[in-house]
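Chain by chain, the residues run as shown.
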2 protein chains.
Amino acid sequence: MLLKEPEQGTLADVAAHRLAHSIVTGELAQGQKLNEAELAERFGMGRGPLREALRHLEGMQLVKRIPNAGARVVVLDRKTLSDLYAVREALEGMACHIAASQMTDEEIAQLSALLDKHEEQIKQDGGKVYSQSEGDLDFHYQIVRGSRNEMLMHLLGSEQYQLLRMCRYRTSRNAQRTRPALLQHRQIVEALANRDGELAEMLMRRHIQGAWRSISEMIDKEEKAA
Amino acid sequence: MLLKEPEQGTLADVAAHRLAHSIVTGELAQGQKLNEAELAERFGMGRGPLREALRHLEGMQLVKRIPNAGARVVVLDRKTLSDLYAVREALEGMACHIAASQMTDEEIAQLSALLDKHEEQIKQDGGKVYSQSEGDLDFHYQIVRGSRNEMLMHLLGSEQYQLLRMCRYRTSRNAQRTRPALLQHRQIVEALANRDGELAEMLMRRHIQGAWRSISEMIDKEEKAA
DNA sequence: TTCGCTCGGATTGTCGACAATCGGAGATTT
DNA sequence: AAATCTCCGATTGTCGACAATCCGAGCGAA
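Given the structure is predicted, the values throughout are model-derived calculations rather than measurements.

1. Description of the environment of Ser101(A)
All names here are of chain A.
Right, on to step 1. Tracing the sequence through the fold places Ser-101 in helix α4 (residues 78-102).
Right, on to step 2. Residue classification places Ser-101 among the partly exposed positions, given that 14 C-beta atoms sit within 10 Å.
Right, on to step 3. Taking the C-alpha atoms as reference, Ser-101 lies 8.3 Å from Ser-147; in sequence the two are 46 residues apart.
Right, on to step 4. Among all residues touching Ser-101, those that are not within four sequence positions of it are Arg-195 and Gly-197.

Printed below as a string of structure tokens:
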């Protein structure tokens, strides 16, 4: 699971977590107004901790605050997503490149085992979940961790990129890309195992570009439907 | 100036700003404990807004908070800075690449004019300030803006990368690199003017690599001195 | 002397109440 | 009828006080 802190620490922290979860899963709709008093009551806490949580989410880009006018859930329009994927391509490509020289053999083996598990899952579910599931994000995050770059881990890890999970959740219905995605993951692991950073980066970039194309098409359909 | 909001909006916002400034300039030493009550009094506000500000700075990575133990100013050790510059290289390289196709001729001309101003400044000061000054950051930020990527602007802009300014401030004594830096900037602008994204990216990456080497050496010296 | 324990002060976490500000419904004017 | 003004309710911003927690000084025992 990418959500680490379960239900401990300060109230502000748990509020931030629950809010992030609600936003990512769509329980709180995009653009929805967030009423402090209401949320505070729902979470059984005062408004102080809740306001701190909102500040936190603002930094994560999950909500947008306007002074004296409250906070609203961010809306993921086409441009935002496009920007996000462009940044992801650069950052995860770099992570892959470095990881090829930094990950231990054991870590790479674990990565491969993770893919085995994913393949199993696909065979069971008929390929419904994979490309969009938490498992996919785990794969990406494991590579990011392999880069040993703390800043990268912060930017792409649990803290910052909930936006990505939000996007995944929203577009989790199409399962067309699950098999090619798994294949690409396998190729990436192979490049890592061969310690070929250049290739690993290129494969990861293409993988993310493919994911963006897939999502972009889906947005087109949605827009045409609406 | 990269600090936009002057002294308006909520108290939490101005507190975050003043704190960020104090940290970046070193007025608050690295690793220093931040006492909520004391700071609140110094800023003439209650602890509520101040706590929100600390949450904000935590997201910016300027302070590290530990539950029930308060917040401390982050310490920029070698590893942190190394990670930062690696990320910067990937992100600003990408910004440069995109900016080459997105910036208007006028914007590029303004960029060139900015460099003229910098050159002027160098001649006056004997090259003391340039490579580390706000002006340099302006140059980089203008290119980031040229990429038209909002996420990039958030990550590299005023919000997120105060860490970089902090580093600049700390190492602002050496002026060895000002002239080669200016030259590299000129080459980058030329590549942008020629709409050569590939070259522009490569030049920017090398520029940042050079900056890192320079800073790295300085850290070595400091460590040897200590 | 050194280690461990207890207790007290200080600091953080939280809450409830008050003040400031904003958006909108309704009335007034042209 | 359309536009503008005014006032009111609702929501956000802020403060002060209380409770919970942690750190360290001082004491006592081995």
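2. Description of the domain arrangement of chain A
Residue and element names in this part refer to chain A.
Right, on to step 1. Domain assignment breaks chain A into domain 1 (11-73) and domain 2 (78-225).
Right, on to step 2. Look at where the C-alpha atoms of domain 1 and domain 2 centre, and you get two points 28 Å apart.
Right, on to step 3. With 8 residues of domain 1 in contact, the opposing surface of domain 2 contributes 8 residues.
Right, on to step 4. Tallied by class, the residues present in the side of domain 1 that touches domain 2 amount to 5 nonpolar, 3 polar and no charged.

3. Focus: the interface of chain B and chain A
Right, on to step 1. At the junction of the two partners, chain B supplies 24 residues and chain A supplies 24 residues.
Right, on to step 2. Of all elements in the fold, only α3 (47-59), α4 (78-102) and α7 (150-156) of chain B reach the threshold of two or more residues within the side of chain B that touches chain A.
Right, on to step 3. If you tally residues by element for the side of chain B that touches chain A, the top one is α4(B), at 8 residues.
Right, on to step 4. Classifying every residue of the side of chain B that touches chain A by side-chain character gives 10 nonpolar, 9 polar and 5 charged.

4. Focus on helix α1 (residues 11-24) of chain B
Residue and element names in this part refer to chain B.
Right, on to step 1. Spanning 14 residues, α1 covers 20 Å between terminal C-alpha atoms, matching the ideal 20 Å at 1.5 Å per step.
Right, on to step 2. Those residues of α1 that sit buried are Ala-12, Ala-15, Ala-16, His-17, Leu-19, Ala-20, Ile-23 and Val-24.
Right, on to step 3. Of the surrounding elements, those touching the buried residues of α1 are α2 (36-43), α3, β3 (70-73) and α8 (162-170).
Right, on to step 4. Downstream of α1 by one or two residues, Gly-26 has phi in the positive range, about 90°.

Rules of the game
Residues numbered from 1 in each chain as written. Chains lettered and ligands numbered in written order. Predicted model: local features only at pLDDT ≥ 70, side-chain atom pairs only at ≥ 80, totals over all residues. Helix = DSSP H or I, 4+ residues; strand = E, 2+ residues; numbered from the N terminus. Buried ≥ 20, exposed ≤ 12 C-beta atoms within 10 Å, placed from the backbone. Contact = placed C-beta atoms within 7 Å. Domains from an automatic or database assignment. Nonpolar A, V, L, I, M, F, W, Y, C, P; charged D, E, K, R; others polar. Expected span 1.5 Å × (residues − 1).

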